[in-house]
Amino acid sequence: MESLPNEIVLLIFRYLKTYDIVYAFYFLNHRYACLIEKYRSCSKIIDLINAPTRIYNFYYSLLFQTNHLDRFRIENFKLECYMLHKFPLNETTFPRLQSLSIIVRRTDDLPILLKYFSFFTRIKQLYIRSDVCCCDRISFEENVKEILFQTNKTQLQSLTFATPPCYSISLQDINFEQCLFTNLTLTVRSMNDFCAILSSARELQSLRIRVLDSNINEQNPLTIAAPPSNIKHLLFICSHPISYEIVRNIFKTLKPLKRLSFSLVFDLQSGVIDGHRLCNDIFIHLTNLYKIQFEIKSLIAMMSKDLIRSFETSFWSRFAPIGFHSYNHIYTLPFPFHHLDLDQSILKHQQTRKCQHNWRFVRDIDLYDRIPYTNEFFIYLRNEFPRLTTLTLKWKFDLMTSSPSISTWFSLPTIRRLTIKSTYLQNPEIIKQFLLCLPNCETLDCDYILIARMTCYFQNGHVLNEFGRRLRLLLLDELPADWKIPRKKRKNIYFHRFRSFFPYIECSLYD
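Residues numbered from 1 in each chain as written. Predicted model: local features only at pLDDT ≥ 70, side-chain atom pairs only at ≥ 80, totals over all residues. Heavy atoms only, no water.

A. Region of the structure containing the overall build of the protein. In terms of regular secondary structure, the protein is built from 17 helices and 19 strands. Its C-alpha radius of gyration of 26 Å places the protein within 12% of the 24 Å reference for a compact globule of 511 residues. Along the first, second and third principal axes, the C-alpha atoms of the protein reach 65 × 65 × 55 Å. Looking at the protein as a whole, 50% of its 511 residues qualify as buried. Counting contacts in the protein only where the partners sit at least 6 residues apart, residues at least 24 apart contribute 71% of the total. A total of about 24700 Å² of accessible surface is found on the protein, and carbon and sulfur atoms cover 49% of it. Between the centroid of the 63 positive side chains of the protein and the centroid of its 47 negative side chains there is a distance of 4 Å. (Helix = DSSP H or I, 4+ residues; strand = E, 2+ residues; numbered from the N terminus. Rg over C-alpha atoms; globule rule 2.2 N^0.38 Å. Buried < 20%, exposed > 50% of the residue type's maximum accessible area, 1.4 Å probe, protein only. Contact = heavy atoms within 4.5 Å. Areas by Shrake-Rupley, 256 points an atom, 1.4 Å probe, with all protein chains shown as cover. Lys, Arg positive; Asp, Glu negative; His and termini not counted. Charge placed at Lys NZ, Arg CZ, Asp CG, Glu CD.)

B. Seen up close, helix H13 (residues 428-435). Across the eight residues of H13, seven count as buried, placing the element largely inside the fold. For H13, every residue scored as buried is listed here: Pro428, Ile430, Ile431, Lys432, Gln433, Phe434 and Leu435. Those residues of H13 hidden inside the fold are in contact with helix H12 (375-384), strand S16 (390-393), strand S17 (417-420), strand S18 (443-446), helix H14 (448-454) and helix H15 (465-470). One side-chain oxygen of the residue at the start of H13 lies 2.9 Å from the amide nitrogen of Glu429, identifying that residue as Asn427. (Polar contact = N/O pair within 3.5 Å; in protein donor to acceptor, adjacent residues only side chain to side chain.)

C. Geometry of a nonpolar patch on the surface. On the surface, Ile8, Leu11, Ile12, Tyr15 and Leu16 cluster together into a nonpolar patch covering about 480 Å² of accessible area. Examined against the element boundaries, Leu11 turns out to sit in helix H1 (residues 6-13). Taking the relative accessible area as the measure of exposure, Leu11 reaches 42% and is therefore partly exposed. (Patch = residues over 30% accessible without salt bridge, like charges linked within 9 Å, V, L, I, M, F, W, Y side chains within 5 Å. Salt bridge = Lys/Arg side-chain N within 4 Å of Asp/Glu carboxyl O.)

D. Structural detail: the packing of helix H2 (residues 18-25) against helix H4 (residues 53-64). At a minimum axis distance of 11 Å, the contact between H2 and H4 shows a crossing angle of 70°. Taken together, H2 and H4 sit at an angle that is classed as roughly perpendicular. When you trace H2 past H4, the crossing you get is left-handed. Residues Thr18, Tyr19, Asp20, Val22 and Tyr23 of H2 lie in contact with H4, whose contacting residues are Arg54, Ile55, Phe58, Tyr59 and Leu62. Taken together, the residues of the contact of H2 with H4 break down into seven nonpolar, one polar and two charged. (Axes fitted to C-alpha atoms, helices over the stretch in contact; angles between N-to-C directions. Parallel < 35°, antiparallel > 145°, perpendicular 65-115°, else oblique. Left-handed = near helix turned anticlockwise from the far one by under 90°. Nonpolar A, V, L, I, M, F, W, Y, C, P; charged D, E, K, R; others polar.)

E. Representation of the nonpolar core within the structure. By size, the foremost hydrophobic cluster in this structure holds 111 residues, and its most contacted members are Phe120, Ile197, Phe236 and Phe283. Broken down by element, this core gets its largest block of residues, seven residues, from H4. Excluding residues that lie within four positions of it along the chain, Phe283 makes contacts with Leu260, Phe262, Leu278, Leu289, Ile292, Phe315 and Trp316. Counting residues in hydrophobic clusters, the runner-up holds 57 residues, among them Phe335, Ile365, Leu388 and Ile451. (Core = buried A, V, L, I, M, F, W, Y, C linked by side-chain atoms within 4.5 Å.)

F. Spotlight on the sheet that holds strand S13 (residues 339-342). Pairing within the open sheet is parallel, and its six strands lie in the order S13-S15-S16-S17-S18-S19. Here the strands that pair on one side only, and so sit at the sheet edges, are S13 and strand S19 (473-476). Between one strand and the next, the sheet's axes are offset by a mean angle of 10°, whatever the strand orientation. (Pairing = 2+ DSSP bridges.)

G. Expanded view of the side chain of His329. Position of His329 relative to the elements: it lies in strand S12 (residues 329-332). Among the residues examined, His329 registers a relative accessible area of 5% and is labelled buried. Polar contacts involving the side chain of His329 include one to the side chain of Glu295, which spans 2.8 Å. Ignoring anything within four residues of it in the chain, the contact list for His329 reads Glu295, Ile296, Lys297, Met302, Met303, Gly323, Phe324, Phe335 and Leu340.

H. Structural view of the environment of Asp477. Locating Asp477 in the fold gives a position in the loop between S19 and helix H16 (486-491). Classification of Asp477 as partly exposed rests on a relative accessible area of 49%. Separated by 137 residues in the primary sequence, Asp477 and Leu340 have C-alpha atoms spaced 25 Å apart. With residues near it in sequence (within four places) discarded, Asp477 still touches Cys446, Asp447 and Tyr448. Within polar-contact distance, the side chain of Asp477 engages the backbone nitrogen of Tyr448 at 3.1 Å.

I. Region of interest: the pattern of salt bridges. Summed over all chains, the structure comprises 15 salt bridges. Close ionic contact of Glu141 with Arg137 constitutes a salt bridge, the shortest N to O distance being 3.3 Å. Of this pair, Glu141 and Arg137 both sit in helix H7 (residues 137-148), separated by four residues, roughly a single helical turn. For Arg137, a relative accessible area of 34% translates into the label partly exposed. As a salt-bridge pair, Arg189 and Glu141 come within 2.7 Å of each other at their nearest N and O atoms. Of this pair, Arg189 sits in strand S6 (residues 183-190) while Glu141 is found in helix H7, placing the two residues 48 residues apart along the sequence.

J. Spatial organisation of the environment of Met302. For Met302, the location among the structural elements is in the loop between strand S10 (291-298) and helix H11 (305-310). A C-alpha to C-alpha distance of 5.8 Å links Met302 and Tyr327, two positions 25 residues apart in sequence. Contact partners of Met302, with chain neighbours within four places excluded, come to Val272, Ile273, Ile296, Leu307, Tyr327, Asn328, His329 and Ile330.

K. The pairing of strand S15 (residues 364-367), seen in detail. Here four bridges tie S13 to S15, and the two strands are oriented parallel to one another. By the bridge assignment, Leu340 is partnered in S15 with Ile365. Sheet topology note: the S15/S16 ladder contains four bridges and is parallel. Looking at S16, one finds that Leu367 is bridged to Leu393. Read as a crossover between parallel neighbours, the route from S15 over H12 to S16 is right-handed. (Right-handed = clockwise from strand over helix to strand, strands pointing away.)

This is how it looks when you write it as structure tokens:
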């Protein structure tokens, strides 16, 4: 590569992670060091998300042992939560740090995270993503409220919790009037929490919020006396049935909004939600809107030719095209959310305007079908959902095939995580065959009895042996009681089979 011009070298760098570039080229010669400094900002930004151990140790050496990277210049740091054991985060070691991103991948990472909450108040941007459920919701909520939301003690302007619902927070007793937050992303418990933010967060410009429960506290009715005057973007998600009247009364007060996204399920009393009603009740009041994205579900059948025509007006022609699926599902295209509930009726009952890559943002799908799945459906899933990484089987999984091995006629290479619900209904043989169609799956969430039956109780030489070696995270409802007693575990043949079958998963019993 020494003879290549800088332009070609930079093109090659585009296909590599910054930490791989630094690891491989930074000390090669002065020319490469200058290129990396100039075009990858490694002196101010460190990104160690998904970095292997050798990279993690390498950066620690650069920062704390050799001083080839000046930690006093670092402004943006992205890392895995377990790395906090080694990287001491404080104002002395990283005095210019402004932005911090942390990924939580294990349930025992939360205590590590909580230790740094006081330091988090000294930076401007904090992003926390968790791939696992919260092991201590009470401690998490108390620390968030007492430390991060003590508005007279925090410098935070942007706070994001991209976490499962178990990280939800109640905020009705928090006053945001003097806070500096301009961007908030979090999960709250009730509509009252949502309105509490809108009523007192004066500086808020962007709010991304998920509400777990649409019920209203009767002792604390919903009121938004003075919504944020600078709010430009709202993302609102509530999977619990909600009243259209409540949504209308909240949305119409947010007059500064320029971008509005929402995913809602309307209750029976809300009636049919069509284009005319949305326009006349809500959007006519939001004169600054230039982008609308939504997903609307209803508990009543809505689909009709009149409903479709209601979205073919001059008003709706200014925004994204509308898709109609089944009898109660309306959405803008391309579908704007990461999560989608899906069944095979999408193949026959979807009516949309033509739009390329309708599902390019979808990463997480729940399958609800109670009828056998067809080859046609899985080909559709593979071809139309290029970023799909997580699949959940909500009901009995069955296949319409007489082939001895379904892996010969379809494959879903993008799936990294599979969750299996209603395990008492599942056929172990069919689930086994389906796992063979997921060549890159690294996480499995299911019942112990099901995985034991699928693998013939972890038999050596089983067809799923390669799948077991590839697995990194196995989430089971409950392991056998004898495995938790050291004396019995050592003598249990099935435990030793299990450990050999899944050698690389995180399991406290392996210690």
